[in-house]
Amino acid sequence: MEKEDILNDRTFVEIHMLQTIDGKATGNFWRKPDVWQGIKECYNLMPKLKPQAFALGRISMEDNANEVPNLSKYKNKKIIEHKDYVIPLEKGALYYFASYDSKGTLGFKSNVINCQEWKNDGSEMLCQIIVVLTDRVSNEYLHYCQERKISYIFAGKNKIDIKTSLVKLKKLFGINKMLLEGGPTLDGSFMKDNLIDGISIVISPLTSAGGDTLFNPSKYMEFKLVDLKKLSNSNVWLHYKKK
């Protein structure tokens, strides 16, 4: 990891996404077979970026949730104080995975998920979950997480405070660098607060009928190009850092 990718007060955040040549990050192109080579190239680039964690919003994270939480069993349990619950990275886990889920709705069978589809050789890639919550979370969900040793942090009263979450991810878990893999809404929330430090984009040689751009909403920011590479099947990688 480069020295410039380590900040003193919070986690360094870099977007790492695939988009079309007409600037779309969502849309019908994700269902087309030609996009898979670009996705594969995205996965190949991950080690080069040297993250310690990944981040997704609630909607994007649904694909990784592997059970529906049965919260009724925790009804009338003692009230858990709204304090951060930290489980250190366990043996076998390679990364942390921050799930931005303000009210606590997603379910996981354990505190790790296997992201083996992100590795082109199909080998195991265990990521340990951290749920980023607000005070709107139910007491039952906190019991649910603690029973599974799923870490969680509080970052806001009614709405997630992105800066607070990054300060805590750095301080409590030692995460220096995180790749933001979320959809346009989560990405836009980070941009709104000037918390995008780098952008890594694989441009796929496709256009999309509909869909959203990378950030929703977006704003004016300046970046400098630090790397550019032609990849297989006419995909191109652009790597930017904030000025």
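Just above sits the structure.
Residues numbered from 1 in each chain as written. Predicted model: local features only at pLDDT ≥ 70, side-chain atom pairs only at ≥ 80, totals over all residues. Heavy atoms only, no water.

Draft legend 1. Geometry of the pattern of salt bridges. Summed over all chains, the structure comprises 13 salt bridges. For Asp 197, the salt bridge identified is with Lys 242, shortest N-O distance 3.6 Å. Here Lys 242 lies in strand 10 (residues 236-242) and Asp 197 lies in the loop between helix 5 (184-192) and strand 8 (198-204), a separation of 45 residues in the sequence. A residue is classified by how much of its surface remains accessible, and Asp 197, at 6% relative accessible area, is buried. Given a relative accessible area of 28%, Lys 242 falls into the partly exposed group. (Salt bridge = Lys/Arg side-chain N within 4 Å of Asp/Glu carboxyl O. Helix = DSSP H or I, 4+ residues; strand = E, 2+ residues; numbered from the N terminus. Buried < 20%, exposed > 50% of the residue type's maximum accessible area, 1.4 Å probe, protein only.)

Draft legend 2. Geometry of the pairing of strand 1 (residues 12-20). Counted residue by residue, strand 1 has nine buried out of nine residues, so it is predominantly covered. The two faces of strand 1 match: Phe 12, Glu 14, His 16, Leu 18 and Thr 20 on one face and Val 13, Ile 15, Met 17 and Gln 19 on the other face are all buried. Direction of pairing for strand 1 relative to strand 7 (residues 177-180): parallel, over a ladder of four bridges. Counterpart to Glu 14 in the pairing with strand 7 is Leu 179. As defined by bridge partners, strand 1 adjoins strand 8 across seven bridges and the pair is classed as parallel. (Pairing = 2+ DSSP bridges.)

Draft legend 3. Examining the pairing of strand 5 (residues 126-133) more closely. Of all eight residues in strand 5, eight are buried, a share of seventy percent or more. Where burial is concerned, the two faces of strand 5 agree: the one with Leu 126, Gln 128, Ile 130 and Val 132 and the one with Cys 127, Ile 129, Val 131 and Leu 133 are both buried. Bridge count for strand 3 (residues 93-100) against strand 5 is seven bridges, and the pairing is parallel. By the bridge assignment for strand 5, Ser 99 is matched with Val 131. Across three bridges, the pairing between strand 4 (residues 112-114) and strand 5 is antiparallel. Bridged to Val 112 within strand 5 is Gln 128.

Draft legend 4. Layout of the nonpolar core. Residues Phe 54, Phe 97, Ile 113, Trp 118, Cys 127, Leu 133 and Tyr 152 are the most contacted members of the largest nonpolar core, which totals 41 residues. Listing elements by their share of this core, those giving two or more residues are helix 1 (36-49), strand 2 (53-57), strand 3, strand 5, helix 3 (139-147) and strand 6 (151-154). Among the elements that make up this core, the one with the highest residue count is helix 1 (six residues). Look past the residues within four positions of Phe 54 in its chain and what remains in contact with it is Met 46, Tyr 95, Tyr 96, Phe 97, Ala 98, Trp 118, Met 125, Cys 127, Met 178, Leu 179 and Glu 181. Ranked by size, the runner-up nonpolar core spans 34 residues in total, among them Ala 55, Ile 201, Phe 215 and Leu 238. (Core = buried A, V, L, I, M, F, W, Y, C linked by side-chain atoms within 4.5 Å. Contact = heavy atoms within 4.5 Å.)

Draft legend 5. Structural context of the packing of aromatic side chains. The tally for this structure, following the rule as stated, stands at nine aromatic pairs. Summarising the aromatic geometry, the rings of Tyr 96 and Phe 173 are spaced 5.2 Å apart at their centres and angled 70 degrees between planes, so their arrangement reads as edge-to-face. Here Tyr 96 is found in strand 3, whereas its partner Phe 173 is found in helix 4 (residues 162-173), with 77 residues between them in sequence. There is no split in this pair, since Tyr 96 and Phe 173 are both buried. Put simply, the rings of Phe 54, Tyr 95 and Phe 97 pair up and form one aromatic cluster. (Phe/Tyr/Trp six-rings, centres within 6.5 Å; stacked < 30°, edge-to-face > 60°.)

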